[in-house]
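Here are the chains, one letter per residue:
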There are 2 protein chains.
Amino acid sequence: MREIIASRRNDHVKLAYCLSKSSSFRKKKGLCFLEGARLCADAAMSGNKTRALFFTPKAEIKYKDYIMRIKCPEDKIYVIDQSIADYLADTKNPQGVFSISDIPYTENKLSGVPRSGNFLALENIQNPDNLGAALRTAEAFGISGVVFGGACCDAYSPKALRAGMGAVFRLGVYTSADMPSAVRDFNSMGFSTFAAVPDRSALKVTDIDFRGSSVMVIGNEGNGIMPETVRECKKCVTIPMSGRAESLNASAAAAVLMWEMMRGKEAGGVNDG
Amino acid sequence: MREIIASRRNDHVKLAYCLSKSSSFRKKKGLCFLEGARLCADAAMSGNKTRALFFTPKAEIKYKDYIMRIKCPEDKIYVIDQSIADYLADTKNPQGVFSISDIPYTENKLSGVPRSGNFLALENIQNPDNLGAALRTAEAFGISGVVFGGACCDAYSPKALRAGMGAVFRLGVYTSADMPSAVRDFNSMGFSTFAAVPDRSALKVTDIDFRGSSVMVIGNEGNGIMPETVRECKKCVTIPMSGRAESLNASAAAAVLMWEMMRGKEAGGVNDG
């Protein structure tokens, strides 16, 4: 029988805790910390190496179907006490399953982006729930890839990973600190580039022809897209609203914009733009 | 100068704390607890009486534009210490502005619902962030009203109120413990009633004619709509997805469904269904 870790001073627990708390530590190590049986299993099955797996004795029974799908060296599997699960968890009632996984794609620069497809570009998104939700929706709608521009929050934080259901492990993810330059690159590759703005004078998203390759840029929750990025986009686009315009959060706006982008692409698509 | 409350044992602080924590206490008192300058001001301006207002000395300066819009009897305005703000807050870095407000509509039974329009019906939604986000989107898209069916989480919890940006104060909100019967009522009033299901054999949302009055039923995050409710709906509707179907959360699905519902209604609308 395995030893049950009950001390916060245990080295594996310390590593897990630091990965859960610090974005810079995650980047330095190239590792992230995952919470939840399904998320841990999904990450493992997406081809990301699981470096360590933690579970409580209770969780080992309850979530055994997920746990058995996670490939992890036997000597990197740790049984933890409930108090350690509570300590490591970001949720109030943790399932008691956690893992440490490689971060994929950290070196994916925009130069490697495919020359066609439909991309979501997120600029300075602050809220990890919004970021995660947008990635999750992007995956559901078959978006080709996501560009993180400017200073987005960390897509590998426990909160963003949970909100995204691990979509970041399965999407093509690219980073660009300089979003205006990224938009110029997309323009020169022949993409239509759209800046999503809450401005009734912009083009309605329902009037846009999304049949070609396109990039939808979505900006910061409070301040929107930076003016220098807007200037590089070929068109400004807005979601026509009959109610209060400010009453659409970033992830709901992203869902509607990606939906419209992909709406007419399917066989038998019904977009009329 | 006003006295600064620094004790958790203060009666007003105790009342606020209980309202923030207990749904049944909120119902009993007909009051809710609001956090955040904008939310407190919005609720007050939506016509809901503010029964008490709390702020820290710092917040009084920083958020004075919001605070001055809140009508509240002078003797119900309390200046609180930062430690009390942290105690009452549901967020990690609270702004330091809180209020106690009447809960509107608690007695709005479905019998009072308008005979036409476009409604969102939420059944057994568990997550207050999802519930709030759906209400916020409903308001943005000009949905006529929202029906809470079955056992939805409390729309007046601090988390749901924040996610909803107080949309619940401005939307027509109705409750029905018996959702199948509510759907039957809508049917008999001539509404088209739709059950949103993650089922590729259901009608595509893009193929639906939403020109008349309609009700979109959205179910529990894990289990979907109850079978007895689905049976009463005239049609089952789904969002066609090219990616992983399970990768769309309840509030993103609600956003897309409401968007499609309202898409063709505007003058010059472009819905073709």
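The following refers to the structure shown. Here the residue numbering is sequential within each chain, running from 1 through the sequence in written order. Labels are handed out in written order, letters beginning with A for the chains and numbers beginning with 1 for the ligands. For this predicted model, a pLDDT threshold of at least 70 governs which residues receive local features, and a threshold of 80 or more governs which side-chain atom pairs are given and counted, while totals over whole chains, interfaces and linings are taken from all residues. With hydrogens and water stripped out, all remaining heavy atoms of the structure feed into the side-chain values.

Digging into helix 11 (residues 250-263) of chain B
All names here are of chain B. Stated formally: For helices the rule is a DSSP run of H or I covering at least 4 residues; for strands it is a run of E covering at least 2, with both sets numbered from the N terminus onward. Any helix carries an expected span of 1.5 Å times its number of residues minus one. Each residue is placed in one exposure class: buried if its accessible area under a 1.4 Å probe, protein chains only, is under 20% of its type's maximum, exposed if it is over 50%, and partly exposed if it falls in between. The term polar contact refers here to a pair of N or O atoms within 3.5 Å; inside protein, the definition further demands a hydrogen-donor-capable atom paired with an acceptor-capable atom, and it admits residues adjacent in sequence only when both atoms are side-chain atoms.
For helix 11, spanning 14 residues, the distance from its first C-alpha to its last is 19 Å, which sits close to the expected 20 Å at 1.5 Å a residue. For helix 11, the tally of buried residues reaches 14 of 14 residues, placing the bulk of the element in the interior. A side-chain oxygen of the first residue of helix 11 lies 3.1 Å from the backbone nitrogen of Ser251; this N-cap is Asn249.

Notes on the sheet that holds strand 4 (residues 77-80) of chain A
Sheet strands associate in pairs through backbone hydrogen bonding, adopting either a parallel or an antiparallel arrangement. All names here are of chain A. Rule in force here: Should DSSP find at least two bridges between two strands, the strands are taken to pair. Note on definitions: a residue-residue contact is assigned when non-hydrogen atoms from the two residues lie within 4.5 Å. To obtain each axis, a line is fitted to C-alpha atoms, and for helices this fit is confined to the stretch in contact; angles are then taken between N-to-C directions over 0 to 180 degrees.
Across the sheet, which stays open at both edges, the 5 strands sit in the order 1-4-3-5-2 with mixed pairing between neighbours. Two strands lie at the open edges of the sheet, namely strand 1 (4-5) and strand 2 (31-35), each paired on one side alone. Pairing of strand 3 (residues 50-55) with strand 5 (residues 97-102), which is carried by 5 bridges, proceeds in the antiparallel orientation. What sits directly across from Ala52, in strand 5, is Ile100. On top of the sheet, helix 1 (residues 11-21) reaches strand 1, strand 2, strand 3, strand 4 and strand 5; it is set at about 95° to strand 2, its chief contact.

Focus on the packing of helix 7 (residues 128-140) of chain A against helix 11 (residues 250-263) of chain A
Residues and elements named next belong to chain A. Selection rule: If an angle is under 35 degrees, it is roughly parallel; if it is over 145, roughly antiparallel; if it lies from 65 to 115, roughly perpendicular; otherwise it is oblique. By definition, any crossing whose near helix is turned counterclockwise from its far helix by less than a right angle is left-handed, and any crossing with a clockwise turn is right-handed.
Look at helix 7 against helix 11: their axes get within 8 Å of each other, and the N-to-C directions meet at 20°. In terms of axis orientation, helix 7 runs roughly parallel to helix 11. The element helix 7 and its partner helix 11 pack so that their crossing is right-handed. Across the interface between the two elements, Asn130, Ala133, Ala134, Thr137 and Ala138 from helix 7 touch Ala250, Ser251, Ala254, Ala255 and Met258 from helix 11.

Considering the environment of Glu60 of chain A
Residues and elements named next belong to chain A. Along the chain, Glu60 turns up in helix 4 (residues 57-62). The partly exposed category is assigned to Glu60, whose relative accessible area is 33%. For the pair Glu60 and Ala37, spaced 23 residues apart in sequence, the C-alpha to C-alpha distance is 9.7 Å.

Remarks on the sheet that holds strand 6 (residues 118-123) of chain B
Residue and element names in this part refer to chain B. In space, the 7 strands of this open sheet follow the order 8-7-6-11-9-12-10, with parallel pairing throughout. A strand with exactly one partner marks an edge of an open sheet, and here the two such strands are strand 8 (172-176) and strand 10 (203-204). In the sheet, strand 9 (residues 192-196) pairs with strand 12 (residues 235-238) via 3 bridges, with the strands oriented parallel. Bridge pairing links Ala195 to Cys236 in strand 12. Against the sheet, helix 11 engages strand 6, strand 9 and strand 11 (214-218), with an angle of about 170° to strand 11.

Examining helix 1 of chain A
All names here are of chain A. Selection criterion: In this description, one arc is meant: the one made by directions from the helix axis to the C-beta atoms.
If you check which residues of helix 1 are buried, you get Val13, Ala16, Leu19 and Ser20. Down the axis, helix 1 shows its buried residues gathered within 130° of arc, on one side only. Opposite the buried face of helix 1, at more than 90 degrees from it, the exposed residues are Asp11 and Lys21.

A look at the pairing of strand 5 of chain A
Residue and element names in this part refer to chain A. For strand 5, a buried count of 6 out of 6 residues is recorded, marking the element as mostly surrounded by other parts of the structure. Pairing between strand 2 and strand 5: 5 bridges, direction antiparallel. Bridge pairing in strand 5 places Cys32 opposite Ser101.

Looking at the pattern of salt bridges
Applicable threshold: Any carboxyl oxygen of Asp or Glu that lies within 4 Å of a side-chain nitrogen of Lys or Arg is treated as forming a salt bridge with it.
A full pass over the atoms with the stated rule returns 25 salt bridges over all chains. Put simply, Arg51 of chain A and Asp102 of chain A hold a salt bridge, and the shortest N to O gap is 2.7 Å. Placement of Arg51 of chain A in strand 3 and of Asp102 of chain A in strand 5 is noted, with a sequence separation of 51 residues between them. Note that Arg26 of chain B and Asp154 of chain B form a salt bridge whose closest N and O atoms lie 2.8 Å from each other. Residue Arg26 of chain B is found in helix 2 (residues 23-29), and its partner Asp154 of chain B is found in the loop between strand 7 (145-149) and helix 8 (158-163); the two are separated by 128 residues along the sequence.

What is shown is where atoms sit, not what they do.
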